[in-house]
Amino acid sequence: MAKIIVITSGKGGVGKTTSAAAIGTGLAQQGHKTVIIDFDVGLRNLDLIMDCERRVVYDFVNVIENDATINQALIKDKRVDNLFILPASQTKDKDALTIDGVERILSELSESFDYILCDSPAGIEQGAYLALYFADAAVIVTNPEVSSVRDSDRIIGLLQSKSRRAEKGDTPVEEHLLLTRYNPERVEKGEMLSIEDVKDILAIPLLGVIPESKSVLAASNKGIPVILNDQSRAGKAYADAVSRFLGKDVEHRFIEPEKKGLLRRVFGR
């Protein structure tokens, strides 16, 4: 049976889809058959970040409405073995997602995949609720700023009270904190919350800290999950986070201000 992971947050624009693409790619790189499902019906960004938008014929809603089979809708990644994408619909309403339909698809995918990643839309509407409802584990993505952390705290409350595991009294959903766009220099200046600040507020285990990096936007614009750029600090940080998720003891990197040499201190570069 597959492990179902929701990539979620309360606030938009924190890097959920970027993180879903990176984590899904990283799991597949390590030999695990992985599918990423885009729950953001009406917008559909995952296929752009994964560079497969021209290959979308059928989507998630088509499968729910029995207009296509899962095999017809799944898109196999060209770069990484064991990685598949199930895109969202751009033309349907979010109400097209039903709890019975989502459960049926997850059950069918669980028979042949190791990991199912649910890329949740922001907020707490129907798509976001269904993305988290069936989760075995959750990666809560947040930026180091107050409104983002506050909204993530609300999502944690939903995971602990509204998920299927909570309703049935089963083992709670595993919770993992992924802190994105972290800049230790700005933390020193008091412009961002520190890692400890965020951990104190949310009180869940830290999975990874993704440094603020231009390589993330560059990779997204090219349709390349940033984890495939093993020269970028963000790519390395995502790879570390995937290893931690799989139970490996990996030290956190890129969380301290960069030490500048004499010339950089004098000339500012």
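All of the points below concern the structure found in this document. (Residues numbered from 1 in each chain as written. Predicted model: local features only at pLDDT ≥ 70, side-chain atom pairs only at ≥ 80, totals over all residues. Heavy atoms only, no water.)

A few words on helix 7 (residues 146-162). An ideal rise of 1.5 Å per residue puts 24 Å on 17 residues; helix 7 measures up with 24 Å between its terminal C-alpha atoms. Taken residue by residue, helix 7 has Ser148, Val149, Ser152, Ile155, Ile156 and Leu159 as its buried positions. Down the axis of helix 7, the sector holding all buried residues measures 115 degrees, keeping them to one side. Opposite the buried face of helix 7, at more than 90 degrees from it, the exposed residues are Val146, Arg150 and Arg154. Contacts made by the buried residues of helix 7 are with strand 1 (3-8), helix 6 (126-133), strand 6 (137-142), helix 8 (164-168), strand 7 (174-182) and helix 10 (195-202). (Helix = DSSP H or I, 4+ residues; strand = E, 2+ residues; numbered from the N terminus. Expected span 1.5 Å × (residues − 1). Buried < 20%, exposed > 50% of the residue type's maximum accessible area, 1.4 Å probe, protein only. Arc of directions from axis to C-beta. Contact = heavy atoms within 4.5 Å.)

For the structure shown, the criterion picks out zero disulfides. The thiol sulfur of cysteine 52 is not disulfide-bonded, and the nearest other cysteine sulfur, from cysteine 118, lies at 16 Å. The exposure class of cysteine 52 is buried, given its relative accessible area of 2%. Given the relative accessible area of 1%, cysteine 118 is considered buried. (Disulfide = S-S within 2.5 Å.)

For the rest of this paragraph, the subject is the sheet that holds strand 6. Taken in spatial order, the eight strands of this open sheet run 3-4-2-5-1-6-7-8, and their pairing is mixed. Taken across any chain shown, the strands that pair with only one partner, and hence form the sheet edges, are strand 3 (75-76) and strand 8 (206-211). Two strands pair when backbone bridges link them, and strand 6 and strand 7 are joined in this way by six bridges, in the parallel orientation. Paired with valine 141 across the bridge in strand 7 is leucine 178. Relative to strand 6, helix 7 is tilted by about 165 degrees, and along the sheet it contacts strand 1, strand 6 and strand 7. Helix-sheet contacts for helix 12 (residues 233-245) involve strand 1, strand 5 (115-119), strand 6, strand 7 and strand 8, and the interaxial angle to strand 8 is about 175 degrees. (Pairing = 2+ DSSP bridges. Axes fitted to C-alpha atoms, helices over the stretch in contact; angles between N-to-C directions.)

Turning our eyes to something else, we now look at the pattern of salt bridges. In this structure the tally under the stated criterion is 14 salt bridges. Close ionic contact of glutamate 174 with lysine 3 constitutes a salt bridge, the shortest N to O distance being 2.7 Å. Taken together, the residues glutamate 174 in strand 7 and lysine 3 in strand 1 connect sequence positions 171 residues apart. Since its relative accessible area comes to 33%, glutamate 174 is described here as partly exposed. In this structure, arginine 164 and glutamate 103 form a salt bridge, with 3.0 Å as the shortest nitrogen-oxygen distance. Note that arginine 164 is positioned in helix 8 and glutamate 103 in helix 5 (residues 99-110), a separation of 61 residues in sequence. (Salt bridge = Lys/Arg side-chain N within 4 Å of Asp/Glu carboxyl O.)

Since the α-helix advances by 3.6 residues per turn, residues separated by three or four positions end up pointing in the same direction. Buried within helix 10 are the following residues: Ile195, Val198 and Leu202. Down the axis of helix 10, the sector holding all buried residues measures 70 degrees, keeping them to one side. For helix 10, the elements touching its buried residues are strand 6, helix 7, strand 7 and strand 8. Positive backbone phi, approximately 55 degrees, marks alanine 203, located one or two places after helix 10.

Within strand 2 (residues 34-38), five of the five residues are buried, which leaves it mostly tucked inside the rest of the structure. In strand 2, alternate side chains face the same way, and those of Thr34, Ile36 and Asp38 on one face and Val35 and Ile37 on the other are all buried. Bridge analysis of strand 2 against strand 4 (residues 83-86) gives four bridges, and the strand direction is parallel. Note on strand 4: the bridge partner recorded for isoleucine 37 is leucine 86. The pairing of strand 2 with strand 5 spans five bridges and is classified as parallel. Counterpart to isoleucine 36 in the pairing with strand 5 is leucine 117.

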